[in-house]
Amino acid sequence: MQNHKPYLSARISMYCTQLKGCKLALLLVLMFMLQPGQAKCQSDDSFDEISLILNVPRVGSVEIPSVIYRQEAYLPAREIFSFLKIKNKLSDNLDVLSGYIVRPENSFIIDKSLNQITYQGLNYKLLPEDLIQTESNLFLKSSFFGDIFGLVCTFNFRSLSVTLTTKIELPILIEMQQELVRKNIAKLRGEKIADTTIGRDFNVFKLGVADWAITSSQNTGAATSTIFSLNLGAALLGGQADVLLNQQVGKPFDKKRLIYNWRYVNNKNPYIRQVNIGSISPQSAITILSPMNGIQISNSPTSSRRSYGTYTLSNKTEPGWLVELYINNVLVNFIRADASGFYSFEIPMVYGSSEVKLRFYGPWGEERTSEQYINIPFNFIPLHQFEYSISGGIANNEEKNRFASAKLGYGLSRHFTIGGGVEYLSGANYDKPMPYLNASARLGRRILISGERMNAVKSGAVISYRSPSRLQLNFTYTKYDPGQTAIVTNYREVKKLEISKPFRGKKFSAFSRFTYSEYTMPKSKFTNAELLTSVTKGRVNANFSTNAIFSGNRPFLNSKISMGLNLKGSIKFTPQVQYDYSNHNFNLLRVEFEKKVLKKGFLNISYQVNPISKTQIAGIGFRYNFSFAQTAFNTFVGNHKVTSMQSVRGSMIYDNNSNYFGLNDQSNIGRGGIVVAPFLDLNCDGIWNENEPKVSGLNLRINGGRIEKSKKDSTIRIMGLEATNSYFIEIDQNSFDNVAWRLPNKTISVDINPNSFKKIEIPVAVVGEVTGTVSLNQNNSENGIGRIIVYIKNANTGKNVAKLLTEADGYFSFLGLAPGKYIVAADMEQLQKLGMTVIENNKPFSIKPKREGDIADGIDLLLTK
């Protein structure tokens, strides 16, 4: 059963909240003082029920009927037990309530005929006025809920509310905890349930986005170099098509600078989930130095299937660069390198093969296409599942090397996966195919082991241990076969030990890593060791690293300290110093100041000294992020040379569905967008008809992207979403002031189309309300009667639309009816138990389509004994 607040009551409540609480309470007190005869004693049948708000911490609130007698609150035992999910049953005569709390041995019986409560085998005698029976309910004095059942009910007359507290593990709390656990498990697995799902569209061709960049540099004594970059993105044959051209001004066209790719993803097809044609990047164990043109086919999904934990990946790049982490071509995290260039990721371990890629973005317009592929040594596949990846192509070089690869994997158990395959590269390893076998195993909860053997090329193993305190220990061993030419390296044997641990305090976070590497070559051997610690506390970031290289009899040892301090006035100060212990002197001193100016601008000044080479370099730069492009200008002066660089980059977006063309400063290639168009659904059919207007004011949330609301109309655009991903849109049900405007869907799951926008029409249903009363004709007078069941039925189909309970004065209402014809009918089965009948049942009414909603009132039913 549900209590639905009427449209009229909602408006009255809105006005009442504008009054002071004390005035409203005073009116209620006066009302009860002026009507003392309506609830004098149990023998008087004329007392009225009133509604109270029941508040249960950690559960919520609900409106319940009650009786006030001698300033004591009498609460409906059946409603309270039902709200708390306590099993109960009320007798046909409404005088006995029975059930049990949590376990059958905690059974209870509340008996009005005996004025007695039996609980856990004990009998509690009551006074006649402790239990009040009406024609439709049974009310118990509120104090007995706490004294007998341990459900302490505190009545607040001023706010007309009851707060229930207990130490009992209530069934509703157990159910909520179980539901929370289920949601957390589903979240870890990447599973979410939405009210409605919108899949991907099949676009034959749609040109949607273009990224562009211009970089120019000038050096003393050299010609100006200008490079123009254009990346076009389109939706083609249901997939994603990208064409990238890098061209230097004044140079002849070089086809090697032209990169093109068509990618198709369908995670619902278990046989072929991914297809790549054009410029491919095969995850190969052998060395491929040139770009590869070919085809890749795989049944591995792009969606991440969480397995059992994380794998720490840490390295160094340039200071202050932005590093993006992609898994299976999906952006999963990004981080800005610290003052020394150090960065660290916690990579989620997933089932199946993972293509891990890093992209690096410099703050001064440096090359944005720098990418690095990382091989995760552990490859787990779900139980009894088979995955494959097949690649083939021709290298874009003078030799036109041919490449082919086939990877296979099978999950023998949840903790053990075997795999294998073969790779071939013309000219490598005497032009012979190179088969290999590998396996990954999980021992217990903390240890991972992986091993691989590639015939005539290499052997290797990896052991990883992760403690409960997040201490991670990795040991890697690789041995290369003599005479192999498939992997370009001078090493015969490589051993590497890495120990890392993050630290977190109330006011600081830190990460420490120790690495020890031993490299064996045919005629020599050297060792490298590094201890690195990065600490962040408030506005200060510090990085301390010590590196030692042992080769021969003389070790090389140096330490470097880098700091980033955010000072007042939006100033960032970054000092760096490096000391060489071998030569007992400093070999680097550098300071840098950066200040934020003009809201989106940054002014940078730097100075660097190398005492050994006796070089000094001073630099000044300025970058500004417009809404349509990012610009950067910097100049470095040192050693009688001047170097200058200017860059500008941006993106263009076009959507032919909404005739939208926009410019922004973020890359959009490979991404997609959503156009949200809310409209008033006057006839509640979910379809946007010509006479239905747009509506503004819709609020929503989404797990990614950038939300932009149009100033011209009600359109909402969400940009920067990863293609092939599913995103959840959560719609705010309280977006509109009009209570007759309803949003049918709370959450929408949307599959993103690459390089294009997907239009989603959001219907705002305009619903109607029906109100009326149920009265009892007794002794030639008509009085409203509460707790009577009333049905709202569709007049054409006869199906129930709503089931209501009348309030204490017989009033009922329901808001949420689509335009159409309906009838109101009382529950004849309930009336038969109560010894009543209805004079005229099945009262007809209609709801008309109106912008503000329609109200059908005065739909009254009359009962007799």
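Sequence order as written defines the numbering, with residues in each chain counted from 1. Given that this is a predicted model, residues contribute local features only at a pLDDT of at least 70 and side-chain atom pairs are listed and counted only at 80 or more, while totals for whole chains, interfaces and linings are drawn from all residues. Calculation of side-chain values draws on the structure's entire complement of heavy atoms; hydrogens and water are dropped beforehand.

Undergrad: How should I be thinking about the overall build of the protein in this particular structure?
TA: Segments assigned H or I by DSSP are reported as helices when at least four residues long, segments assigned E as strands when at least two residues long, and all are numbered from the N terminus. In terms of helices and strands, the protein carries 6 helices and 62 strands. Within the protein, buried positions represent 44% of all 865 residues. Sequence-distant contacts, at least 24 apart, represent 51% of the contacts inside the protein between residues at least 6 apart. With residues, only the protein chains shown are counted as cover, and all accessible areas are computed by Shrake-Rupley using a 1.4 Å probe. Summed over all atoms, the accessible surface of the protein reaches about 45200 Å², with 55% contributed by carbon and sulfur. Working definition: with a 1.4 Å probe on protein chains only, accessible area under 20% of the residue-type maximum means buried, over 50% means exposed, and in between means partly exposed. Contacts are assigned to residue pairs with any non-hydrogen atoms lying within 4.5 Å of each other.

Undergrad: Can you help me understand the nonpolar core in this one?
TA: One broad trend across soluble globular proteins is that nonpolar side chains are buried collectively. Put simply, a nonpolar core is a bunch of buried Ala, Val, Leu, Ile, Met, Phe, Trp, Tyr and Cys residues held in one set by side-chain atoms that sit within 4.5 Å of each other. Counting residues in each nonpolar core, the largest one holds 63 residues, and the members touching the most others are Phe 81, Leu 84, Ile 110, Phe 149 and Phe 845. Leaving out residues up to four positions away in the same chain, Phe 149 has contacts with Phe 81, Ile 101, Phe 108, Ile 110, Ile 117, Tyr 119, Leu 140, Phe 144 and Ile 168. Formed by 24 residues, the second largest nonpolar core is a distinct cluster that contains Leu 680, Ile 702, Ile 718 and Tyr 727.

Undergrad: Where do I start with unusual backbone geometry in this structure?
TA: Backbone phi values are negative for most residues with the exception of glycine, while trans is the configuration of most peptide bonds. Here His 640, not a glycine, exhibits a phi torsion of approximately 65 degrees, which is positive. Tracing the backbone shows His 640 in the loop between β42 (629-638) and β43 (641-655). Phi at Asn 755 takes a positive value of approximately 55 degrees, unusual for a residue other than glycine. One can find Asn 755 in the loop between β51 (747-751) and β52 (757-766). Using a relative accessible area of 0% as the deciding quantity, one classes Asn 755 as buried.

Undergrad: Quick question: what am I supposed to make of the pairing of strand β44 (residues 660-664) here?
TA: Looking along a regular strand, one sees the side chains alternate between the two faces of the sheet. Here β44 shows a buried face lined by Tyr 660, Gly 662 and Asn 664 and an unburied face lined by Phe 661 and Leu 663. Strands are treated as partners if at least two bridges between them are detected by DSSP. In the sheet, β43 pairs with β44 via 5 bridges, with the strands oriented antiparallel. Counterpart to Asp 655 in the pairing with β44 is Tyr 660. The turn joining β43 and β44, which pair antiparallel and follow one another in sequence, is formed by 4 residues; a positive phi near 55 degrees is taken by Asn 659.

Undergrad: I tried to follow the side chain of Asn 246 on my own but got confused; where do I start?
TA: Note on placement: Asn 246 falls in strand β16 (residues 239-248). Owing to a relative accessible area of 17%, Asn 246 belongs among the buried residues under this scheme. Throughout this description, a polar contact denotes any pair of N or O atoms lying within 3.5 Å of each other; where both atoms belong to protein, one of them has to be capable of donating a hydrogen while the other can accept it, and for residues adjacent in sequence the pair is counted only when both atoms sit in side chains. Within the structure, Asn 246 has its side chain in polar contact with the side chain of Ser 229 (distance 3.1 Å). Residues contacting Asn 246, with those up to four places away along its chain left out, are Phe 228, Ser 229 and Arg 257.

Undergrad: What exactly am I supposed to notice about the sheet that holds strand β5 (residues 96-100) here?
TA: Strand pairing in a sheet takes place through backbone hydrogen bonds and is either antiparallel or parallel in direction. Strand order in this open sheet of 5 strands is β4-β5-β6-β7-β8, and the pairing throughout is antiparallel. The open sheet is flanked by β4 (87-90) and β8 (122-125), the only strands paired with a single partner. Neighbour to neighbour, the strand axes of the sheet diverge by 15 degrees on average, direction disregarded. By the bridge criterion, 5 bridges tie β5 to strand β6 (residues 107-111) in an arrangement that is antiparallel. In the sheet register, Gly 99 faces β6, and the bridge partner there is Phe 108. What counts as an axis is a line fitted to C-alpha atoms, over the stretch in contact for a helix, and the angles between N-to-C directions run from 0 to 180 degrees.

Undergrad: Looking at this structure, how should I read the sheet that holds strand β11 (residues 152-156)?
TA: With respect to topology, 7 strands assemble into an open sheet ordered β9-β10-β3-β2-β1-β12-β11, the strand pairing being mixed. With one partner strand each, in any of the chains shown, β9 (131-133) and β11 form the two edges of the open sheet. Between one strand and the next, the sheet's axes are offset by a mean angle of 35 degrees, whatever the strand orientation. Here strand β2 (residues 60-69) pairs with strand β3 (residues 72-76) via 3 bridges, running antiparallel. Directly across from Tyr 69, in β3, lies its bridge partner Glu 72.

Undergrad: Explain helix α4 (residues 142-149) to me, please; I cannot follow it from the model alone.
TA: Each turn of an α-helix holds 3.6 residues, which means side chains three or four residues apart point in the same direction. Buried within α4 are the following residues: Ser 142, Phe 144, Phe 145, Ile 148 and Phe 149. The arc that holds every buried residue of α4, seen down its axis, measures 160 degrees, which confines them to one face. Where α4 terminates, the next one or two residues include Gly 150, which has phi positive at roughly 75 degrees. Taken from the helix axis, the directions to the C-beta atoms give the arc we talk about.

Undergrad: Please clarify how the pairing of strand β35 (residues 525-537) should be interpreted in this entry.
TA: For strand β34 (residues 509-520) and β35, the ladder comprises 12 bridges, and the chain directions are antiparallel. Residue pairing across strands places Tyr 516 opposite Ala 529, the latter belonging to β35. Adjacent in sequence and paired antiparallel, β34 and β35 are bridged by 4 residues. Direction of pairing for β35 relative to strand β36 (residues 540-551): antiparallel, over a ladder of 11 bridges. Bridged to Asn 528 within β36 is Ile 549. Adjacent in sequence and paired antiparallel, β35 and β36 are bridged by 2 residues, among which Gly 538 carries a positive phi angle near 60 degrees.

Undergrad: Help me understand the packing of aromatic side chains in this model?
TA: Each aromatic ring pair is specified by the distance between its two centres and by the angle formed by the two planes. Stacked, edge-to-face and tilted labels apply to pairs of Phe, Tyr and Trp rings (six-membered ring for Trp) whose centres lie within 6.5 Å, assigned for plane angles under 30 degrees, over 60, and everything in between, in that order. A full pass over the atoms with the stated rule returns 23 aromatic pairs. On the basis of an interplanar angle of 20 degrees and a centroid distance of 5.6 Å, the ring pair of Tyr 822 and Phe 845 is categorised as stacked. Residue Tyr 822 is located in strand β58 (residues 820-826), and its partner Phe 845 is located in strand β60 (residues 843-847); the two are separated by 23 residues in the primary sequence. You'll find Tyr 822 and Phe 845 in the same group, each marked buried.

Undergrad: I'm lost on the pattern of salt bridges in this one. Help?
TA: It is possible for side chains bearing opposite charge to pair when their charged atoms get close. Put simply, a salt bridge is a Lys or Arg side-chain nitrogen that is within 4 Å of an Asp or Glu carboxyl oxygen. What the rule picks out here adds up to 16 salt bridges. When the shortest N-O distance is used, the salt bridge between Arg 103 and Glu 105 registers 3.3 Å. Note on Arg 103: relative accessible area 43%, which makes it partly exposed. Glu 105 sits in the exposed class, given a relative accessible area of 51%. Two residues, Arg 671 and Glu 722, come together in a salt bridge whose shortest N-O distance is 3.2 Å. Of this pair, Arg 671 sits in strand β45 (residues 671-681) while Glu 722 sits in strand β48 (residues 716-722), placing them 51 residues apart in sequence. Of the residues examined, Arg 671 reaches a relative accessible area of 10% and is grouped as buried. Salt bridges here are not isolated pairs; linked through shared partners, they connect Arg 78, Glu 79 and Arg 787.

Undergrad: Help me out: how do you make sense of the side chain of Asp 580 in this one?
TA: Along the polypeptide, Asp 580 turns up in strand β38 (residues 571-580). Residue classification places Asp 580 among the buried positions, given a relative accessible area of 11%. Here the side chain of Asp 580 touches Asn 583 through a polar contact of 2.8 Å, side chain to side chain. Not counting chain neighbours up to four residues away, the residues in contact with Asp 580 comprise Leu 557, Asn 558, Asn 585 and Asn 587.

Undergrad: Any chance you could explain a nonpolar patch on the surface here in plain terms?
TA: Residues enter patches when their relative accessible area tops 30% and they take part in no salt bridge; the joining distance is 9 Å for like charges and 5 Å for the nonpolar side chains Val, Leu, Ile, Met, Phe, Trp and Tyr. On the surface, a cluster of nonpolar side chains totalling about 980 Å² of accessible area is made up of Phe 202, Val 204, Phe 205, Leu 207, Leu 232, Leu 237, Val 243, Phe 253, Leu 258 and Tyr 260. Mapped onto the elements, Phe 205 comes out in strand β14 (residues 205-219).

Undergrad: Just checking my understanding: could you explain the confidence of the model for the protein for this structure?
TA: Any segment with low pLDDT has predicted coordinates that should not be analysed in fine detail. Each residue gets a pLDDT score, which is the predictor's confidence in that residue and runs from 0 to 100. In this model, the protein carries an average pLDDT of 85, and 88% of its residues clear a pLDDT of 70 or more. Confidence drops under a pLDDT of 50 for residues 1-46, and excluding neighbours within four residues, the segment shows 52 contacts in the predicted structure.

Undergrad: In this structure, what is going on with the environment of Ile 86? I would like to understand it.
TA: Mapped onto the secondary structure, Ile 86 falls in the loop between α3 (77-83) and β4. Ile 86 sits in the buried class, given a relative accessible area of 3%. For Ile 86 and Ile 101, which are 15 residues apart along the polypeptide, the C-alpha to C-alpha distance reads 5.6 Å. Among residues more than four places away in sequence, those in contact with Ile 86 are Phe 81, Tyr 100, Ile 101, Phe 108, Leu 151, Leu 170 and Pro 171.

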